[in-house]
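Overview (structure and organization)
The primary structure of each chain is shown beneath.
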Amino acid sequence: MAKRQVEPSMIETFADFKENKNVDRTTLISVLEEAFRNVISKMFGSDENYDIIINPDKGDFEIWRNREVVPDEELEDSNLQISLTAAQKIDPDYEVGEEITDAVDFAGFGRRAVLNLRQALASKILELQKDTLYNKYKDQVGQIVSVEVYQIWKKEVLLLDDEGNELILPKSEQIPGDFFRKNETRRAVVVKVDNQNNNSKIILSRTSNLFMQRLFELEVPEIHDGLITIKRIARIPGERAKVAVESYDDRIDPVGACVGMKGARIHGIVRELCNENIDVINYTSNVALFIQRALSPAKISSIKIHEEDKRAEVFLRPEEVSLAIGKGGLNIKLASMLTEYTIDVFRDVDIDGEDIYLDEFSDEIEIWVIEALKNIGCYTAKNVLALSRDELIEKADLEENTVDDLLAILSAEFEEE
């Protein structure tokens with residue numbers, strides 16, 4: 001039995017299905033069969049006695065109609081029955097009560113039926129593509145994708161993935177220094193997947209904190225493996241960023257691991273982000289110490305934390321104030337974003353004479369003691385000397401002998417002056 005010949009417009013529709021890599025073969029065949037059955041049902045009132053065989057790979061199909069052979073005078077439904085006379089014209093051996101299966105020429109239904117079928121199929125293809133696109137990317141929100149620049153517009157860039165799906169990078173999600181060329185490959189993170197009115201829209205971002213986090217995961221194996229965690233990120237895209245990291249393994253220096261040998265790891269991230277300056281610092285749950293680290297490279301003299309309104313008063317030497325604020329106020333702005341505290345900077349004018357940062361006593365005072373003092377907001381020698389012996393023992397949780405030695409070392413420094 002010969003296969004039905006398919007007109008050119010139908011061949012194009014099958015070709016659309018064949019090239020559609022986003023929809024599985026079973027679904028495609030099911031959709032095609034459903035479309036044929038709908039047309040047949042509308043024309044004859046029923047499609048139950050039809051067998052439809054679809055071959056989308058070759059772009060053809062077969063339709064077979066099953067009818068019962070009845071005496072000529074009992075013929076009532078030519079769709080379900082065939083007269084004995086008509087049946088015997090096909091094969092003289094047919095008898096009443098037998099079933100006859102004959103091929104149906106779909107083109108014989110008329111041009112309108114063919115056109116309606118093609119339009120229905122084309123619409124279903126588009127619907128399936130949108131559904132599949134949505135299902136594919138809804139699970140990729142927060143993940144990096146590599147896409148090809150296809151079209152550049154004023155308010156957005158149209159990109160294509162490796163399957164030809166369209167994705168959007170709005171102007172608001174582009175780094176100020178981004179420059180796009182057609183056909184080049186760029187990376188971005190999926191931030192939103194809309195499916196309004198069955199119209200899927202995939203939104204990408206290069207300014208999201210998630211984009212930076214995913215880049216670190218790609219460049220730093222220890223982050224990918226879970227040995228180092230990115231606790232917080234503060235970004236002003238294209239300008240500067242601060243990243244707080246923490247290691248669960250004391251043998252791993254989280255900052256060093258993120259930066260890499262001679263900055264090899266972080267340089268790749270910086271280049272991807274249009275030379276965005278990235279500061280990596282050690283995270284700590286100690287608010288005062290965290291704020292101190294966030295304000296680096298400035299060295300603070302003392303700090304007062306106001307937990308009730310998440311505000312911090314930071315006192316610095318006059319020459320350190322500009323470092324804390326940073327060019328264009330970026331450093332203090334990012335420090336506030338990172339620590340989630342409003343930071344007010346003050347010049348420390350109450351210090352009589354010169355003061356000395358505790359770090360400069362590291363050859364005489366053990367590092368863990370210095371860190372304990374920083375944890376209570378003491379960063380300079382005079383910060384420590386301003387507290388009583390009992391206050392130091394209680395607040396810094398230090399032994400009496402340790403405090404006595406500490407006070408002796410610091411006091412001697414200023415007595416010599």
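For the structure itself, consult the block above.
Notes on the structure in this doc start here. Note that the structure is a prediction, hence the values are computed from the model and not measured.

Right, let's talk about the packing of helix 9 (residues 287-294) against helix 11 (residues 330-339) for a bit. Between helix 9 and helix 11, the shortest axis-to-axis distance is 9 Å and the interhelical angle comes to 145 degrees. Between helix 9 and helix 11 lies a crossing of right-handed hand. Residues Phe290, Ile291 and Ala294 of helix 9 lie in contact with helix 11, whose contacting residues are Asn331, Ala335, Leu338 and Thr339. Considered class by class, the residues forming the contact of helix 9 with helix 11 number five nonpolar, two polar and no charged.

Quick look at the side chain of Ser247 now. For Ser247, the position within the fold is in strand 11 (residues 240-247). The class of Ser247 is buried, set by a relative accessible area of 17%. Only 2.8 Å separates the side chain of Ser247 from the backbone oxygen of Asp249, close enough to count as a polar contact. Filtering out sequence-adjacent residues up to four positions away, Ser247 remains in contact with Leu227, Ile228, Ile252 and Pro254.

A separate point is the packing of aromatic side chains. Going through the model one piece at a time under the given rule, you end up with two aromatic pairs. Here Tyr283 and Phe290 contribute two aromatic rings whose centre-to-centre distance is 5.1 Å and whose plane-to-plane angle is 70 degrees, an arrangement assigned as edge-to-face. Per residue, the accessibility class of Tyr283 equals that of Phe290, and both read buried. Between the NZ or CZ atom of Lys182 and the centre of the ring of Tyr150, over which it lies, the distance is 4.2 Å. The cationic tip of Lys299 hangs over the ring face of Tyr357; the distance from NZ or CZ to the ring centre is 5.5 Å.

Moving on to the packing of helix 10 (residues 318-325) against helix 11. Closest axis-to-axis distance for the helix 10/helix 11 pair is 5 Å, and the angle between their directions is 65 degrees. When the axis of helix 10 is compared with that of helix 11, the two are roughly perpendicular. On the side of helix 10, the interface is formed by Leu323, Ala324 and Ile325, while helix 11 contributes Leu330, Asn331 and Ile332.

Cis geometry is found at the peptide bond from Ser296 to Pro297, where omega equals 15 degrees. Notably, Lys262 is not glycine yet its phi reads approximately 55 degrees, a positive angle. We classify Lys262 as exposed; its relative accessible area is 79%. Here the phi dihedral of Cys274 falls at roughly 60 degrees; this positive angle occurs in a residue that is not glycine.

What follows concerns the environment of Pro176. Mapped onto the secondary structure, Pro176 falls in the loop between strand 7 (166-170) and strand 8 (185-196). Between the alpha carbons of Pro176 and Thr207 there is a distance of 9.1 Å; along the sequence they are 31 residues apart. Contacts of Pro176, omitting those with residues within four sequence positions, involve Pro237 and Gly238.

Let's shift gears to a negative patch on the surface. Together, Asp72, Glu73, Glu74, Glu76 and Asp77 make up a region of like negative charge exposed at the surface. Among the structural elements, Glu76 can be located in the loop between strand 2 (60-70) and strand 3 (81-83).

For the structure on display, the rule yields 27 salt bridges. For Glu276, the salt bridge is made with Arg235, and the minimal N-O distance between the two is 2.9 Å. Pair noted here: Glu276 is in the loop between helix 8 (264-272) and strand 12 (277-282) and Arg235 is in strand 10 (residues 228-236), with a separation of 41 residues, a long-range link. Relative accessible area serves as the criterion here: at 0%, Glu276 is assigned to the buried category. Linking Glu400 and Arg389 is a salt bridge whose minimum nitrogen-to-oxygen distance equals 3.5 Å. Residue Glu400 is located in helix 15 (residues 400-416), and its partner Arg389 is located in helix 14 (residues 389-395); the two are separated by eleven residues in the primary sequence. What makes Glu400 partly exposed here is its relative accessible area of 45%. Residues participating in the shared-partner salt-bridge network are Asp178, Glu184, Arg186, Arg187, Arg206 and Glu272.

The rules behind the values
Residues numbered from 1 in each chain as written. Predicted model: local features only at pLDDT ≥ 70, side-chain atom pairs only at ≥ 80, totals over all residues. Heavy atoms only, no water. Axes fitted to C-alpha atoms, helices over the stretch in contact; angles between N-to-C directions. Helix = DSSP H or I, 4+ residues; strand = E, 2+ residues; numbered from the N terminus. Left-handed = near helix turned anticlockwise from the far one by under 90°. Contact = heavy atoms within 4.5 Å. Nonpolar A, V, L, I, M, F, W, Y, C, P; charged D, E, K, R; others polar. Buried < 20%, exposed > 50% of the residue type's maximum accessible area, 1.4 Å probe, protein only. Polar contact = N/O pair within 3.5 Å; in protein donor to acceptor, adjacent residues only side chain to side chain. Phe/Tyr/Trp six-rings, centres within 6.5 Å; stacked < 30°, edge-to-face > 60°. Lys NZ or Arg CZ within 6 Å of the ring centre and 35° of its normal. Parallel < 35°, antiparallel > 145°, perpendicular 65-115°, else oblique. Patch = residues over 30% accessible without salt bridge, like charges linked within 9 Å, V, L, I, M, F, W, Y side chains within 5 Å. Areas by Shrake-Rupley, 256 points an atom, 1.4 Å probe, with all protein chains shown as cover. Salt bridge = Lys/Arg side-chain N within 4 Å of Asp/Glu carboxyl O. Lys, Arg positive; Asp, Glu negative; His and termini not counted. Charge placed at Lys NZ, Arg CZ, Asp CG, Glu CD.

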